[in-house]
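Structural overview
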Amino acid sequence: MSAARGVAVAAFLAMLHSGFSAREYLRYSKSIGRQDPTLPIEIVLECLISLVIMTVAVVVGVGKLRPVSYEAEMKRYSIDGIYSRPSFQVFNHRGRFLRPIADHPAMAEQAVKNKAAS
């Protein structure tokens, strides 16, 4: 685990702690009958500082960025992989009825076998 990831996790835990502290403070103020909904400055500062630290840690620890250009992305694929659409590959279609059997040697052999079998 890199140092930036560790700092980001620690900042995230600090942010969770500030959220828990805010919830406990509001619960406590409601139980004593105080109607002031503002949070103490310590809780707000803890949340904001942990947000800034977590943001910096994530940005620093992201690693090397890859190019986002179309050419760089298309270098990884072949044309067969891009235009391969298995859902459009239908092998049992009406095309065999549109052309005469004599045009298709395999169909002519199948027709001869069917006639011989019946």
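Bear in mind the structure is a predicted one, so any value in this text is a computation, not a measurement. (Residues numbered from 1 in each chain as written. Predicted model: local features only at pLDDT ≥ 70, side-chain atom pairs only at ≥ 80, totals over all residues. Heavy atoms only, no water.)

1. Examining the pattern of salt bridges
Applying the stated rule across the entire model yields 1 salt bridge. When the shortest N-O distance is used, the salt bridge between arginine 27 and glutamate 24 registers 3.4 Å. With a gap of 3 residues between them, arginine 27 and glutamate 24 both fall in helix α1 (residues 3–31), about one helical turn apart. Judged by relative accessible area, glutamate 24 falls into the partly exposed class, the value being 32%. (Salt bridge = Lys/Arg side-chain N within 4 Å of Asp/Glu carboxyl O. Helix = DSSP H or I, 4+ residues; strand = E, 2+ residues; numbered from the N terminus. Buried < 20%, exposed > 50% of the residue type's maximum accessible area, 1.4 Å probe, protein only.)

2. Here we look at the confidence of the model for the protein
Confidence in the prediction for the protein averages 82 pLDDT; 77% of positions are at 70 or higher. Within the protein, the element-level pLDDT minimum falls on helix α5 (residues 95–98), averaging 66, and the maximum on helix α2 (residues 41–60), averaging 95. (pLDDT = per-residue confidence, 0-100.)

3. Some thoughts on α1
Here α1 spans 42 Å end to end across 29 residues, near enough to the 42 Å set by a 1.5 Å rise per residue. Inspection of α1 places Ala4, Ala8, Ala11, Ser18, Ser21, Ala22 and Ser29 among the buried residues, and these make up the whole buried set. Downstream of α1 by a residue or two, glycine 33 has a phi angle that is positive, lying close to 90 degrees. (Expected span 1.5 Å × (residues − 1).)

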